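Chain residues, written in single-letter form:
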Amino acid sequence: MKPTEQKKFDKALFQADVKKHLSATYAKTEETADAHAWYLAMGKALAEHTTLDLLQTENDDRIKNAKSVNYLSLEFLIGRLTGNNLISMGLYEQITEAMAELGQNLTDLLEEERDPSLGNGGLGRLAACFMDSCAAQEFPTVGYGLHYEYGLFKQSFENGHQKEAPDAWRGVEGYPWEVARPEFAQEIGFYGHVEAVYENGVEKRKWVPGMFVKGMPWDLPIVGYESNTVYPLRLWECQAIAPFSLESFNNGDYFEAQHALIDSGNITKVLYPNDNHEKGKTLRLMQQYFHSAASVRDILRRHDEAGHKLADIPKYETIQLNDTHPTIAIPELMRILIDERDLSWEEAWEICSHTFAYTNHTLLPEALETWSESLIQRLLPRHMEIIYEINHRFLKEVRSRWPGDVEKQRKLSIIEDGFHRMVRMANLCVVGSYAVNGVAALHSELVKRDLFPEFNELYPTRLQNVTNGVTPRRWLKFCNPGLSALITDKIGDQWPAHLEQLSDIAQYADNKAFQKQYMAVKKANKQRLADWVQENMGIELNTDAIFDVQIKRLHEYKRQHLNLLHILSMYHRLKNDPTFDMAPRVVFFAAKAAPGYHLAKEIIYTINKVAEKINNDPSIADKLKVVFIPDYRVSMAEIIIPAADVSEQISTAGKEASGTGNMKMALNGALTIGTMDGANVEIREEVGDENIYIFGLEVDGVEKLKASGYNPFDYYNADHLLKSSMDLLLGDEFTPGEPGRLRAVYDSLLDGGDPYLCLADFASYVEAHEAMDKQYRDQEGWAHKAILNTALVGKFSSDRSIRDYVNNIWKLEAVHR
Ligand code: 26W
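Residues numbered from 1 in each chain as written. Predicted model: local features only at pLDDT ≥ 70, side-chain atom pairs only at ≥ 80, totals over all residues. Heavy atoms only, no water.

**Quick notes on the sheet that holds strand 20 (residues 624-628)**
If you walk across this open sheet you meet the six strands as 20-19-18-21-22-23, and the pairing is parallel. A single partner strand is all that each edge strand has here, and the edge strands are strand 20 and strand 23 (693-694). Where strand 18 (residues 546-551) meets strand 19 (residues 585-590), six bridges bridge the pair, whose relative direction is parallel. Paired with Phe547 across the bridge in strand 19 is Val586. On the sheet, helix 22 (residues 512-537) packs against strand 18, strand 19 and strand 20 and is oriented at approximately 70° with respect to strand 20. Sheet contacts for helix 33 (residues 779-792): strand 21 (646-649), strand 22 (671-674) and strand 23; angle to strand 22, the most-contacted strand, approximately 85°. (Pairing = 2+ DSSP bridges. Helix = DSSP H or I, 4+ residues; strand = E, 2+ residues; numbered from the N terminus. Contact = heavy atoms within 4.5 Å. Axes fitted to C-alpha atoms, helices over the stretch in contact; angles between N-to-C directions.)

**Here we look at the nonpolar core**
If you look at the biggest cluster of nonpolar residues, it comprises 264 residues, and the most contacted ones within it are Phe190, Leu529, Phe588, Ile629, Leu759 and Trp810. Per element, the largest residue contribution to this core is 10 residues, and it comes from helix 2 (residues 35-58). The contacts of Phe190, once residues within four sequence positions are left out, are Trp207, Pro209, Gly210, Met211, Val213, Ile267, Met286, Tyr289, Phe290, Leu379 and Leu380. (Core = buried A, V, L, I, M, F, W, Y, C linked by side-chain atoms within 4.5 Å. Buried < 20%, exposed > 50% of the residue type's maximum accessible area, 1.4 Å probe, protein only.)

**Thoughts on the site of the ligand**
Taken together, 19 residues sit near the ligand, with His361, Asn468, Glu656, Ser658 and Gly659 positioned nearest. Interatomic distance of 3.0 Å between a backbone N/O atom of Ser658 and an oxygen atom of the ligand. Among the residues forming the shell around the ligand, the class breakdown is six nonpolar, nine polar and four charged. (Near = heavy atom within 4 Å. Polar contact = N/O pair within 3.5 Å; in protein donor to acceptor, adjacent residues only side chain to side chain. Nonpolar A, V, L, I, M, F, W, Y, C, P; charged D, E, K, R; others polar.)

**Observations regarding the pattern of salt bridges**
All chains considered together, the criterion is met by 65 salt bridges. Residue Glu385 pairs with Arg205 through a salt bridge whose shortest N-O separation is 2.4 Å. Here the residue Glu385 occupies a position in helix 15 (residues 381-401), and Arg205 occupies one in strand 8 (residues 202-208), the gap between them amounting to 180 residues. The exposure class of Arg205 is partly exposed, given its relative accessible area of 25%. The salt bridge involving Glu770 is made with Arg573; its shortest N-O contact spans 2.8 Å. Here Arg573 lies in helix 23 (residues 560-576) and Glu770 lies in helix 32 (residues 758-776), a separation of 197 residues in the sequence. Residues joined in a network through salt bridges with shared partners are Glu58, Arg181, Glu183, Asp219, Arg234, Asp298, Arg301 and Glu305. (Salt bridge = Lys/Arg side-chain N within 4 Å of Asp/Glu carboxyl O.)

Dropping the structure here:
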């Protein structure tokens, strides 16, 4: 839709709607309403419009007869919807004015919205960017996720320690943007047994579940940028089916029945807070099956209602699996087609193996999902039978390709042999999918070379790459209005839908007037962040300082502790070396640690303790400050990212699949200091080696060092700066009266073997920082580099990622409304 075609906005009608919701939905008068009530009423008034567009999109015959993508993900880290939807609807200015006339400031109202934190980190945020890009480009899409009652925990610090609190993201009033779709509810079974029944002398298998729960869908509207297209993000809530147990109900054991009701409602209670670490919990597998079963049934319902044949499923539907978490959807579709729809195994497999595609997001061994055969057998007995059969037929194929090669069979088998047999979900995904992709060029190469080399031999075209991207609407236009206005002033207003146009900004990189404007925007964004920090943390910051930012989940492989070593080295030098000079610097962290990840929590504690000392040391003054912002979430990222000068992307080479924060910060004009890992490699390719600070070992260097027997003590003993920096952790410098309290991090880097090679990369990291520091003192040169970063990262729009999926994997077409 062109902007000129935008639907007419009736201000008076909208204001009347808001007032109606204020009283009728939220029981407030204009006099008693606070900002929160106004936000809710405004949200509901807006949501009404998007729900109408959602229904129209849903009922559009052209969409029913077009191919759709079904994006299955246990996580959608969407962030606040109101501001973003206003941008997409093209109503930001009009609503600002309409609300001002009602005495309300839109910016303040937007701050009232809780973040729907229905994801952990990169994988969940990527799913949200992808929904935005599918809607913007009008590729028919349904997102399927879970309606967790509690999202990712809220984080606070108590004396430097992470504390977790539940996140009831919907608040007491409910979330204004969601709408229940009870007509699409599903019943989902668990446990029970499998029976053989004979139909016309042919054996049929029939699963008789031992318990049922209800899947209630809630739709969130994903509004296409400047289009009338609204796709659903359909989130399943688990509810008990009442009366849960007829027997105990009839026995008069009413309380027992209620108790069971409460239990079965637990499935979607809470998002598992583990990122990149698999724990094998029963309830987690129940979440996965509940999600897959409800979604697959909804896809089949839509397919049937459109009047399509089962054999045409691959023609009309593709199902993208966001990592292995929804893998059980593969045997579930097989089960329905064979047991309930009477297809033969061959017919069902022909459909399934042309319907599913799988994205791998991590190579970390501890993140690769395996489920114990006995657990699946108990929870989903029929699915276990189907998995055996898939594996049986697959191993036959392996044997005919590599006759007599037992080792190949052992490596490729979906079932891992051993005392406790395990089902390898990634292998099941590769076997059951028509396409498998990694999320950045380097990562996809490592998927082929290290994770699935035999699969790559067996199916040479199956493994592909789709480099990740981020939505330019949320991550530039909305979060950085200053820079957006500046860009629009130079190149027009089409860039948010065509990010490659940003390259036209490159011609201004040396323009002194433009540099001034660009740096003034950055300064204002830094001031906004500094104000937030002052107000919420009581720390005063100097906005002339380098704002050096590392924001991501806390994990050893991401090496927040390498950043800490750099901080300790600056502190040591400031204290001990009178000739040492550095530009003032503020190092920002924001990160949540999985509640059970002990060392990650120790790293947070250590950074907080070091920060406390440094920030209050008068001899350091404002040369160095360290700020650990609590409760990292999407809305916080929207404040931090536009203010970043330096983007820390310092994972051990080979460990970070892609990263997406790296793209967001480069787009907003931060210079990256990073390793040759994930999408950093491609960012360097785009912005040029002069405009990025690359350091450290590359993948082959990491491998060689590990193979030769890495000994961190060699680096510790040889590098005076490193040793003195680390030794600061031994005494009570940062924990007065408690010497050795920060030993855990120190020990992990020495006796613990430093598994992520922080010490090996330390010297190179410090050197890169020194080069950056030097560059920062030449502000014109810095501006030149920063502008080129904004200009040259158009490739990393998630619109491009989605076009790659559409052209190379999904093979579907846009339907413009
Ligand atoms: C089962 C436990 C678990 C939970 C989450 C295992 C693995 C995950 C995710 C796959 C981890 C994740 O978020 N990976 C990140 O995905 C991003 C989007 O592709 C990438 O940019 C990050 O590099 C990758 O770490």
